[in-house]
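# Close look at the chain arrangement
So you can see what is in the structure, the chains are spelled out below.
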Amino acid sequence: MATNTDVMGLRFTATTHHAPYSAISVKPESLPSPFNVCIIGASRDIGANIAYSFAIAGATAIGICAPQAEIDVSPIPSKLRELNDSTRLIYLPCDVTIPSEVEAFASKILEALGHIDVLVYNAGYFGPWETRTASTPHDFSTAMDVNCKGLYLSAHSMIPLLKRGPRASGAVISICSVGMHSTGGPGANTAYGISKLAQCRFIEMLAATEPDIFTAAIHPGNVKTEMGKVTPKEIFDGMIPYACTGSLLKDSKLMLTVALPDDPSLCGSFIVWLIKERRMWLSGRYLSSNWDVDELTSKEDQIVREDKLKMRMVW
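Notes on the structure follow. Since this is a predicted model, take the numbers as computed values, not measurements.

### Considerations on helix 7 (residues 190-209)
Each α-helix turn comprises 3.6 residues. Residues three or four places apart therefore point the same way. In this model helix 7 runs 29 Å from its N-terminal to its C-terminal C-alpha over 20 residues, within 8% of the 28 Å that 1.5 Å per residue would give. The complete set of buried residues in helix 7 reads Ala-191, Tyr-192, Gly-193, Ser-195, Lys-196, Gln-199, Cys-200, Ile-203, Glu-204, Leu-206 and Ala-207. Packed against the buried residues of helix 7 are strand 4 (118-121), helix 6 (137-163), strand 5 (171-175), strand 6 (214-219) and strand 9 (285-288). Capping the start of helix 7, Asn-189 holds a side-chain oxygen 3.2 Å from the backbone nitrogen of Ala-191, two or three residues further along.

Right, here's the structure in full:
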């Protein structure tokens, strides 16, 4: 089935963005104090820029886990010192698919910080480029373990730390993907799409079971990342066709768009904007960093009334 903008929600707001803009520009020292952030899976690209956004905003401390090999070459420690040398960094190795390692990481963050205010799950696995069935059972299993099981393990171990905070609530953010809406065409990957769809449903269920905690599954934009280099070069570096849907499906026509046009700092800026205020009417929902936040907030009544931005069967 061909994908189109109507199915993927690319134009939920008429205005979209590829880089940070004035409404979400991160203001220095704009977070309350103390304010502790935990990022699961960050060493470069989107994860690193999420850390940078929180540091600029004045986070007291940022706890991060990643594989040791990625920590060893990550620019995060030096960049954080440059952006805000008062932000404390705790950077530890962890395999997010192993319960004992996630529990140990959570214990170390508890010992060091006492609580966290935001948990961001950014760990991800894409796997070999394919458009129909997973290339190997190993690839499928790894995608489910990292993208879905890892989110569960992280939330399970970290939510008690959120509840220990001065606001006794906090937020859980999962970095999702617009790819979860796709069943074919450029960018479709069976294991990745299914696991990201499961992430989105987990976030929705978490909002129902932990109503005081804000949750959201966020598409970070279409960004050129190290993980994404498995995509064909003509897509990674070039243009792709997509169905641009007008008011009627019969009016659809083929157009070209830059495949990966988005700035890696867009998502971090969007997240800081999102969690600085208690926007509980957006909790449990899928959001895109590309959407214009002024237009998004203007849709509050419609989103709440029609319970939009959640996964539902079409009957």
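### Let's talk about the nonpolar core
Judged by nonpolar contacts, the single largest core of 86 residues is most densely connected at Phe-54, Ile-62, Met-158, Ile-173, Leu-274 and Leu-287. Excluding residues within four positions of it along the chain, Leu-274 makes contact with Ile-173, Phe-214, Ala-216, Ile-218, Arg-279, Leu-282 and Leu-287.

### Remarks on the environment of Ala-216
Looking at the secondary structure, you find Ala-216 in strand 6. Between the alpha carbons of Ala-216 and Leu-206 there is a distance of 9.5 Å; along the sequence they are 10 residues apart. Those residues within four positions of Ala-216 in sequence are excluded, and the remaining contacts are Val-172, Ile-173, Ser-174, Ile-203, Leu-274, Arg-285 and Leu-287.

### Overview of the packing of aromatic side chains
Under the criterion given, the structure shown has six aromatic pairs. Ring centres 5.7 Å apart and planes at 40° place the aromatic pair Phe-270 and Trp-273 in the tilted group. Separated by three residues within a single helix, Phe-270 and Trp-273 lie in helix 9 (residues 266-276), roughly one turn from each other. According to the relative accessible area criterion, Trp-273 is buried, its value standing at 11%. Members of the aromatic cluster, joined through ring pairs, are Phe-12, Tyr-286 and Trp-291. In this arrangement the basic side chain of Arg-279 is found over the ring face of Trp-273, its NZ or CZ atom lying 3.9 Å from the centre. Positioned above the aromatic ring of Phe-12, the side-chain terminus of Lys-299 is 5.0 Å from the ring centre.

### So, the side chain of Thr-13
Within the secondary structure, Thr-13 is located in the loop between helix 1 (5-8) and strand 1 (36-40). Residue class for Thr-13 comes out buried when judged on its relative accessible area of 0%. A distance of 3.1 Å separates a polar side-chain atom of Thr-13 from the backbone nitrogen of Asp-292. Setting aside residues no more than four positions away along its own chain, Thr-13 makes contact with Trp-291, Asp-292, Glu-295, Leu-296 and Lys-299.

### Here's the deal with the packing of helix 5 (residues 99-113) against helix 6
Axis separation between helix 5 and helix 6 bottoms out at 9 Å; the angle between their running directions is 20°. If you check the angle between helix 5 and helix 6, you find them roughly parallel. Considering the relative orientation of helix 5 and helix 6, their crossing is right-handed. In this structure, helix 5 uses Pro-99, Val-102, Glu-103, Phe-105, Ala-106, Ile-109 and Leu-110 to contact helix 6, whose residues at the interface are Leu-153, Ser-154, Ser-157, Met-158 and Leu-161. Its residues assigned to classes, the contact of helix 5 with helix 6 comprises nine nonpolar, two polar and one charged.

### Examining the sheet that holds strand 4
The strand order 3-2-1-4-5-6-9 describes an open sheet built from seven strands, whose pairing is parallel. In this open sheet, the two edge strands, each paired with only one partner strand, are strand 3 (88-93) and strand 9. Averaged over all pairs of adjacent strands, the angle between strand axes in this sheet comes to 20°, irrespective of strand direction. Summarising the sheet, strand 1 and strand 2 (residues 61-66) pair through five bridges and their orientation is parallel. Within the sheet, the bridge partner assigned to Cys-38 lies in strand 2 and is Gly-63. This element, helix 4 (residues 76-83), spans strand 2 and strand 3 of the sheet and lies at about 170° to strand 3.

### Digging into the pattern of salt bridges
Side chains that carry opposite charge are capable of pairing whenever their charged atoms lie near each other. Across all of its chains, the model carries 11 salt bridges by this definition. Among the ionic pairs, Glu-210 bridges to Lys-163, the shortest N-O distance being 3.0 Å. One end of the pair, Glu-210, is in the loop between helix 7 and strand 6; the other, Lys-163, is in helix 6, and 47 residues separate them in sequence. The residue Arg-279 makes a salt bridge to Glu-277 at a minimum N-O spacing of 3.5 Å. Given the relative accessible area of 10%, Arg-279 is considered buried. A single salt-bridge network, built from bridges that share partners, covers Arg-201, Glu-204, Arg-285, Asp-307, Lys-310 and Arg-312.

Scoring rules and cut-offs
- Residues numbered from 1 in each chain as written.
- Predicted model: local features only at pLDDT ≥ 70, side-chain atom pairs only at ≥ 80, totals over all residues.
- Heavy atoms only, no water.
- Helix = DSSP H or I, 4+ residues; strand = E, 2+ residues; numbered from the N terminus.
- Expected span 1.5 Å × (residues − 1).
- Buried < 20%, exposed > 50% of the residue type's maximum accessible area, 1.4 Å probe, protein only.
- Contact = heavy atoms within 4.5 Å.
- Polar contact = N/O pair within 3.5 Å; in protein donor to acceptor, adjacent residues only side chain to side chain.
- Core = buried A, V, L, I, M, F, W, Y, C linked by side-chain atoms within 4.5 Å.
- Phe/Tyr/Trp six-rings, centres within 6.5 Å; stacked < 30°, edge-to-face > 60°.
- Lys NZ or Arg CZ within 6 Å of the ring centre and 35° of its normal.
- Axes fitted to C-alpha atoms, helices over the stretch in contact; angles between N-to-C directions.
- Parallel < 35°, antiparallel > 145°, perpendicular 65-115°, else oblique.
- Left-handed = near helix turned anticlockwise from the far one by under 90°.
- Nonpolar A, V, L, I, M, F, W, Y, C, P; charged D, E, K, R; others polar.
- Pairing = 2+ DSSP bridges.
- Salt bridge = Lys/Arg side-chain N within 4 Å of Asp/Glu carboxyl O.

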